[in-house]
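Residue-level structural notes
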Amino acid sequence: MSTPAPPRVVVLGGGSAGWITACLLHHQWGERGGSVTVVESPEIGIIGVGEGSTPQLKAFFEHLGIAEADWMPACDATYKLGIRFTGWSERTGCESYFHPFPGPVDLHSEPGFLHNCALRRRGVDVPAHPDDWFLAEALSEGRKSPIPEENFPFGPSYGYHFDAHKLGAFLRDWATKRGVTHRATRVEEVELTPDGDVAALLCDDGERIEGDIFVDCSGFRSLIAQQRLGAPFIPFGENLFNDRAVVMPTAHREPVKPQTDSIAMSGGWRWSIPLTSRVGNGYVYSSKYISDEDAEAELRKAIGMEDQGDARVLQMRVGRVADSWTGNCLAAGLSQGFIEPLEATALHIVIVTALDFARAYESGGFTAQNREEFNWRIAAKYEGIRDYIVAHYRLNQRSDTAYWRDNAANHALSDDLKAMMTAWFTHEDIGRLNAEQHGGNPHYANMSWHCLFAGYGTFPPQAKMQAPPPGLHISDVEQTRAMLAACASNFPDYAPA
Ligand SMILES: Cc1cc2nc3c(=O)[nH]c(=O)nc-3n(C[C@H](O)[C@H](O)[C@H](O)COP(=O)(O)OP(=O)(O)OC[C@H]3O[C@@H](n4cnc5c(N)ncnc54)[C@H](O)[C@@H]3O)c2cc1C
């Protein structure tokens, strides 16, 4: 099949998803005669949250050739080496653990961690807490930059924290300077062709915007994909209880660590995200277990803002569209789906969606096979991320509120997740099982699953642990910590704010 002509792309929505997609598709087709138009309504505005990323955002900027020195200061951005989970387990010694982004140094330490986890799962009393085995944790605790000195070419992968409004504005300026058209107007109607494809967007100022491909980045409204084309929505509510968030910023009170903090609360969890200019805070909760007022009060108390500052409550629609690509419409961002922000994966999926779509389109345009394969891959990505996030709730080791008890008793789990849990408890190789799941393309690595299980202390109770028998090989945690400390000394201090 011949490569289709570069298309005229119309993106509805100027939030992070809209501008990320516009930049990527312009990069793909702009120089070959394609065009990208972004239509957004300033009066509707953007959701304005979403301040944490995975390393995929780094790959995005590198793909576009945008240097950190250009975008990070403009977006109040800081580095992120991983997420520290605090209070998700009541087990002694498991009050908190770090989920790191991996790097080449971890290739030396990870096998030791996996080995000790395997022993501990069998009741052998050996050290297997994730914090002891990964460079990113050592760097974050030491308030180090993820970028090593020149003599040490083994930096870990990393993501960022950023101001969502400023990121959108930066990308808008970058894109429009390179030829992306920006229309500030409200779309009133979506005109269809007799075949049911999208023909044009009809705007309240009378403009009719035609295109070949329409990308729906209209946020939770999902104006084209769900409202006009009727794309079915698959809710994740029975797996993931949280449906609200209350957010409010605070000033910096202590030096920045390059990490997101994810702290368990009575009816959910709260994030603490350090930007250069402020700290972003948000409590993600289930309205079935706590009211908006009580959640706001609990957040205010936790961050020391009882009597000051404005809080904003957001509703979250958790799930995904059955098919991200319908006819000539691609859904991306909140219009496509949302899992919940625990692992900060939303923009990651936006980037993957746009890049994969461009590849699929190039390989033959609007064929049913292209669409089906693409939709299958994106659906598998959502399910893979969802399962890992659901595992945080299902495996929680708290008993203080009905929210945590009900999560721990939740049996509405996918078969893949059930298989992972069974494998862990029956001492099977979860790495091999993980590699086979989600079409052989699991989103989370074996290391991440081990950090989750081990970080919660999902091992036999301490009273049942046996001392290691003589001669048993045990990975040396002290030696590993010393190796990581030596590596960490090659990284400069990090003090962005
Ligand atoms: C509580 C919370 C925390 C989150 N945390 C993270 C995180 O840490 N990391 C992460 O990656 N993601 C996170 N997300 C998700 C993230 O916020 C979104 O993925 C991201 O902001 C992209 O949103 P969007 O562009 O899809 O939608 P929006 O920002 O809502 O943008 C929608 C756009 O569509 C336009 N629009 C809508 N209707 C019309 C119309 N009729 N005419 C014209 N324009 C229209 C609006 O004007 C706006 O420009 C979080 C989300 C929530 C709710």
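Residues numbered from 1 in each chain as written. Predicted model: local features only at pLDDT ≥ 70, side-chain atom pairs only at ≥ 80, totals over all residues. Heavy atoms only, no water.

Here's the deal with the sheet that holds strand E18 (residues 319-321)
Under the convention used in this document: At least two bridges found by DSSP between two strands is the condition for calling them paired. A run of H or I in DSSP becomes a helix once it reaches four residues, and a run of E becomes a strand once it reaches two; helices and strands are each numbered from the N terminus.
Across the sheet, which stays open at both edges, the three strands sit in the order E12-E18-E21 with antiparallel pairing between neighbours. Strand pairing shows two members of the sheet lacking a second neighbour, strand E12 (233-235) and strand E21 (337-338), which therefore form its edges. Across three bridges, the pairing between E12 and E18 is antiparallel. Bridged to Phe233 within E18 is Val321.

Here's the deal with the state of the cysteines
As used in these notes, a disulfide is a covalent bond between sulfur atoms, one from each of two cysteines. Heads up, the rule is: Note on terminology: pairs of cysteine sulfur atoms within 2.5 Å are recorded as disulfides.
Summed over the entire model, instances satisfying the criterion amount to zero disulfides. This cysteine, Cys203, is not joined by any disulfide, and Cys329 carries the nearest cysteine sulfur, 15 Å off. We note that Cys217 lacks a disulfide partner, and the nearest cysteine sulfur, in Cys329, lies 9.2 Å from it.

Focus: the layout of surface pockets
Think of a ball as big as a water molecule: rolled over the atoms, this probe shows where empty space is left. As a reminder, the rule being used: Each cavity reported here is a set of points on a 1 Å grid over the protein atoms alone in which a 1.4 Å probe fits but cannot get out, each pocket an open set with protein on both sides within 12 Å along at least five of seven lines, and each lining residue one with an atom within 4 Å of a point. Grid points are joined across faces, edges and corners, and a volume is the space filled by probe spheres set on the points. Each residue gets one of three labels, nonpolar for Ala, Val, Leu, Ile, Met, Phe, Trp, Tyr, Cys and Pro, charged for Asp, Glu, Lys and Arg, and polar for the others, Gly among them.
Roughly 440 Å³ of volume is contained in the second largest pocket. Lining of the second largest pocket is provided by 20 residues; of these, Glu254, Asp261, Ser272, Val279 and Asn281 occupy positions nearest its centre. Taken together, the elements giving at least two residues each to the lining of the second largest pocket come down to strand E14 (260-265), strand E15 (268-274), strand E16 (279-285) and helix H8 (292-303). Looking at the lining of the second largest pocket element by element, the count peaks at four residues for E15. In terms of residue class, the lining of the second largest pocket is built from nine nonpolar, six polar and five charged.

Considerations on the site of the ligand
The following threshold applies: When we say a residue is near a molecule or strand, we mean one of its heavy atoms is within 4 Å of it. Distance and chemistry together define a polar contact, namely a pair of N or O atoms within 3.5 Å, with one atom able to donate a hydrogen and the other to accept it when in protein, and with adjacent residues in sequence counting only for side-chain atoms on both sides. All accessible-area figures derive from a Shrake-Rupley calculation using a 1.4 Å probe, and residue coverage is judged against the displayed protein chains alone.
Inspection of the region around the ligand gives 33 residues, with Gly14, Val49, Gly52, Val187 and Leu347 positioned closest. Gly14 places a polar main-chain atom, nitrogen or oxygen, 2.8 Å from an oxygen atom of the ligand. Contact with the protein chains removes 97% of the 1,000 Å² of surface that the ligand exposes when unbound. Counting only elements with at least two residues in the shell around the ligand, the list comes to helix H1 (16-29) and helix H9 (346-362). Counted by class, the shell around the ligand contains 17 nonpolar, twelve polar and four charged residues.

Things to note about H9
Rules: To estimate how far a helix should extend, the number of its residues minus one is multiplied by 1.5 Å. Relative accessibility thresholds used throughout: buried, under 20% of the residue-type maximum; exposed, over 50%; partly exposed, between the two (1.4 Å probe, protein chains only).
Between its terminal C-alpha atoms H9 stretches 24 Å, which fits the 24 Å expected from 17 residues at 1.5 Å a residue. For H9, the tally of buried residues reaches 14 of 17 residues, placing the bulk of the element in the interior.

Here we look at the pairing of strand E8 (residues 187-192)
Direction of pairing for E8 relative to strand E9 (residues 198-203): antiparallel, over a ladder of five bridges. Each bridged residue has a counterpart across the sheet, and for Val190 the counterpart in E9 is Leu201. Hairpin remark: E8 followed by E9, antiparallel, with five residues in the connecting loop; positive phi at Gly196, about 90°.

Regarding the packing of H1 against helix H2 (residues 56-64)
As a reminder of what qualifies: Axis angles are defined between N-to-C directions and span 0 to 180 degrees, where every axis is a line fitted to C-alpha atoms and, for a helix, only to the segment in contact. With respect to orientation, any angle under 35 degrees is reported as roughly parallel, any angle over 145 as roughly antiparallel, any angle of 65 to 115 as roughly perpendicular, and every other angle as oblique. Definitions for this section: a left-handed crossing has its near helix turned counterclockwise from the far helix by less than a right angle. A right-handed crossing has that turn clockwise. Contact criterion: two residues are considered in contact whenever any of their non-hydrogen atoms come within 4.5 Å of each other.
It is at 10 Å that the axes of H1 and H2 come closest, and there the two elements cross at 40°. Classified by the angle their axes make, H1 and H2 are oblique. The handedness of the crossing between H1 and H2 is left-handed. On H2, the residues touching Ile20, Cys23, Leu24 and His27 of H1 are Phe60, His63 and Leu64. Residues that form the contact of H1 with H2 fall into these classes: five nonpolar, two polar and no charged.

Quick notes on a negative patch on the surface
Just so we agree on the cut-off: Only residues whose relative accessible area exceeds 30% and that take part in no salt bridge are eligible for patches, with like-charged residues grouped when within 9 Å of each other and nonpolar side chains (Val, Leu, Ile, Met, Phe, Trp, Tyr) grouped when within 5 Å. Salt-bridge detection follows one rule: a side-chain nitrogen of Lys or Arg within 4 Å of a carboxyl oxygen of Asp or Glu. Positive residues here are Lys and Arg, negative ones are Asp and Glu, while His and the chain termini are left out of the count. Where a charge lies is defined by one atom per residue type, namely NZ (Lys), CZ (Arg), CG (Asp) and CD (Glu).
Taken together, Glu188, Glu189, Asp204 and Asp205 make up a surface patch of like negative charges. Inspection of the secondary structure assignment puts Asp204 in the loop between E9 and strand E10 (208-210). Its relative accessible area of 42% is what places Asp204 among the partly exposed residues.

As for the side chain of Asn396
Take Asn396: it is sitting in the loop between helix H10 (368-394) and helix H11 (402-408). On the accessibility criterion, Asn396 (5% relative accessible area) is buried. Engagement of the side chain of Asn396 in a polar contact is seen with the backbone nitrogen of Arg398, the distance being 2.8 Å. A distance of 3.0 Å separates the side chain of Asn396 from the backbone oxygen of Trp404, its partner in a polar contact.

A closer look at the sheet that holds E15
If you trace the seven strands from one edge of the open sheet to the other, you get E5-E4-E14-E15-E16-E13-E17, paired in mixed fashion. Both edges of this open sheet fall to strand E5 (96-100) and strand E17 (312-315), since each of them pairs with a single strand only. Averaged over neighbouring strand pairs, the angle between their axes works out to 20° when direction is ignored. Of the strand pairs in this sheet, strand E13 (residues 244-250) and E16 are connected by seven bridges, and their pairing is antiparallel. Looking at the pairing, Thr250 lines up with Val279 of E16.

Here's the deal with the domain arrangement of the protein chain
To keep things clear, this is the line we draw: These domain limits were set by an automatic method or by a database of domain assignments. Take the accessible area each of two parts loses on contact, using a 1.4 Å probe, and add the two losses: that sum is the buried area.
Domain parsing of the protein chain yields domain 1 (8-51 + 163-234 + 319-366), domain 2 (96-156 + 390-488) and domain 3 (244-315). On a C-alpha basis, the centres of domain 2 and domain 3 stand 27 Å from each other. The interface is formed by twelve residues belonging to domain 2 together with 14 residues belonging to domain 3. The junction of domain 2 with domain 3 conceals about 1,100 Å² of combined surface from both sides, 54% of it contributed by carbon and sulfur atoms. When the area that domain 2 buries against domain 3 is broken down by residue, the three leading residues are Ser140, Arg143 and Tyr403, summing to 49%. At the surface where domain 2 touches domain 3, the tally comes to one salt bridge. Here Glu141 makes a salt bridge to Lys257, at a shortest N to O gap of 3.4 Å. Seen at the junction of domain 2 and domain 3, the total is seven residue pairs in polar contact (both at pLDDT 80 or more). Of all the secondary structure elements, the ones that give two or more residues to the side of domain 2 that touches domain 3 are helix H5 (135-141) and H11. Among the elements that take part in the side of domain 2 that touches domain 3, H11 stands out by supplying four residues, more than any other. Partitioning the side of domain 2 that touches domain 3 into residue classes produces five nonpolar, two polar and five charged.

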